[in-house]
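# Report on the structure
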Amino acid sequence: MFVIQEEPDLLSAAFDGPFEQPMWQTFLERLRVRTRADSASITFRPPNRSRNATIHLSAGRAMPRELAQMYERDVWERDPLPYFDLREERVYSLSELLLPGDPVHDAFRRDMMIPNKVNAMRLMRITEPGGVSAWISINRETNDFTPADGALLSRIGPHFRRALRCYAEIERQKASARIADNVMARLNFGWIRLDADGVVMEESHEAAKLLQYGVGLRRTRSGRLIADDPLIDRKLSRALRAIVKEANPRPHAINVSMDPWVDLLIVPATPDPQSPAASGAAVAYIQGDNRSRSDRHEQIAELFGLLPSEARLALALSNGQSIAEAAQSLGITIETARNYSKKIYAKMGARGQSDLIRFILTSVLALS
């Protein structure tokens, strides 16, 4: 059997834990083996949520599924353990937490601890500076833990708090990124980070989704971002060269496609002086549509009660084209486009092109 002889093995696993999947699995298994426990666990109880909304990580013997479901359903309301009242980094034994002769404590022991084969336990609360708490426990069915086992948990406490701080900061950054990603998705924006040769270093989910639908941009086998249209590709190459070579480069805007509509804004990457990671040479912000005009005009016709010909013009006008530009792109005369536009405005209740754009962009079509 693998036996851990040195405490550094535990500490290194504690610091690596936030980057594992499942998290802290190596740490928990090493802790379980080191203390000869039947199971070892880390439990998170978010302070602003119900006490049954826990995140539970474990190694060794798992709680029976029906017992876990019973706890989540109603037993958690009768859980007498004072989790948030425990002194931080102090190790508690089960006899300190569940008092014999107390009816509530005896009922919890009978309903949860005995069926889970937990007759001995050591529990420690760890809280990082931002307020996130975790509870580390080791459990046995027979024989109590030794003072050395409790002392080991106590020595781990300050180190695990640092690891917990890293984990909490990662989660905060992920939460911020999710909010930003949600905003970008609602605006149909994405970003692509490029090196000096135009090779894609990283991309957002929205950008990857737009590229997947074939919007006039693609990656070569070497990873370089190119445009399908040779003229657009030359513009893209010139913009990237200018950003790399010029002392004070300006942003470059490129229309990649009108159907589906896709625009690029290429700007110099802003390096973080505090980060050793490569920032790349440029960031290409991409905004567009993964739907073709044929898809969109049918939806506009349904939503606003327009004829197909009117819906096509409404879509062109909503993309910012003038009457003349829309007429040319649709292959109709300017006079016909003007007549269609009057009917469109009347049916939609729009006073002009600005109203039309606002009605379409704020309708459910923005979610499709």
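If you're wondering where the values come from, they're calculated on a predicted model, not measured in any experiment.

Time to look at the overall build of the chain. For the chain, the helix and strand inventory stands at 13 helices and 12 strands. Relative to its 368 residues, the chain shows a buried fraction of 40%. Taking the contacts inside the chain whose residues are at least 6 apart along the sequence as the reference set, 55% of them involve residues at least 24 apart. Surface summary for the chain: the accessible area is close to 20,300 Å², and the carbon and sulfur share equals 52%.

What follows covers the side chain of His105. Tracing the backbone through its elements, the reader meets His105 in helix 5 (residues 103–113). There is a polar contact of 2.9 Å between the side chain of His105 and the backbone nitrogen of Leu99.

The relation between two aromatic rings is expressed through the spacing of the ring centres and the mutual angle of the planes. Inspection of every chain in the model, using the stated rule, returns 7 aromatic pairs. The interplanar angle of 35° and the centroid separation of 6.2 Å between the aromatic rings of Trp24 and Phe44 together place this pair among those described as tilted. Note that Trp24 is positioned in the loop between helix 1 (7–16) and helix 2 (25–35) and Phe44 in strand 1 (residues 39–44), a separation of 20 residues in sequence. For Trp24, a relative accessible area of 0% gives the class buried. Judged by relative accessible area, Phe44 falls into the buried class, the value being 4%. Seen from their ring centres, Phe44 and Tyr167 are 5.2 Å apart, and the 35° between their planes marks the pair as tilted. Remark: Tyr167 occurs in helix 6 (residues 147–186) and Phe44 occurs in strand 1; sequence separation between them is 123 residues.

Here we take up the sheet that holds strand 12 (residues 282–288). The strands making up a sheet associate through backbone hydrogen bonding, with each pair oriented either parallel or antiparallel. Pairing in this open sheet of 5 strands is antiparallel, and the strands run 7-6-12-11-10 from one edge to the other. The open sheet has two edge strands, strand 7 (200–203) and strand 10 (252–258), and neither has a second partner. This sheet shows a mean twist of 25° between the axes of neighbouring strands, independent of strand direction. Helix 7 (residues 205–212) rests against strand 6 (189–194), strand 7 and strand 12 of the sheet, and its axis sits at about 95° to strand 6. Strands in contact with helix 8 (residues 230–245) are strand 10, strand 11 (261–268) and strand 12; relative to strand 10, the strand with the most contacts, it is inclined by about 160°.

An α-helical turn contains 3.6 residues, so any two residues separated by three or four positions project in the same direction. Inspection of helix 1 places Glu7, Leu10, Leu11, Ala13 and Ala14 among the buried residues, and these make up the whole buried set. Along the long axis of helix 1, the arc covered by the buried residues comes to 165°, so they all point the same way.

Together, Arg234, Lys235, Arg238, Arg241 and Lys245 make up a region of like positive charge exposed at the surface. With respect to the secondary-structure elements, Arg234 resides in helix 8.

Turning next to the pattern of salt bridges. Throughout the structure, instances matching the rule amount to 18 salt bridges. For Glu29, the salt bridge is made with Arg32, and the minimal N-O distance between the two is 2.7 Å. Placement of the pair is Glu29 and Arg32 together in helix 2, with a separation of 3 residues, close to one helical turn. When its relative accessible area of 31% is taken as the criterion, Glu29 is described as partly exposed.

How each quantity is defined
Residues numbered from 1 in each chain as written. Predicted model: local features only at pLDDT ≥ 70, side-chain atom pairs only at ≥ 80, totals over all residues. Heavy atoms only, no water. Helix = DSSP H or I, 4+ residues; strand = E, 2+ residues; numbered from the N terminus. Buried < 20%, exposed > 50% of the residue type's maximum accessible area, 1.4 Å probe, protein only. Contact = heavy atoms within 4.5 Å. Areas by Shrake-Rupley, 256 points an atom, 1.4 Å probe, with all protein chains shown as cover. Polar contact = N/O pair within 3.5 Å; in protein donor to acceptor, adjacent residues only side chain to side chain. Phe/Tyr/Trp six-rings, centres within 6.5 Å; stacked < 30°, edge-to-face > 60°. Pairing = 2+ DSSP bridges. Axes fitted to C-alpha atoms, helices over the stretch in contact; angles between N-to-C directions. Arc of directions from axis to C-beta. Patch = residues over 30% accessible without salt bridge, like charges linked within 9 Å, V, L, I, M, F, W, Y side chains within 5 Å. Salt bridge = Lys/Arg side-chain N within 4 Å of Asp/Glu carboxyl O. Lys, Arg positive; Asp, Glu negative; His and termini not counted. Charge placed at Lys NZ, Arg CZ, Asp CG, Glu CD.

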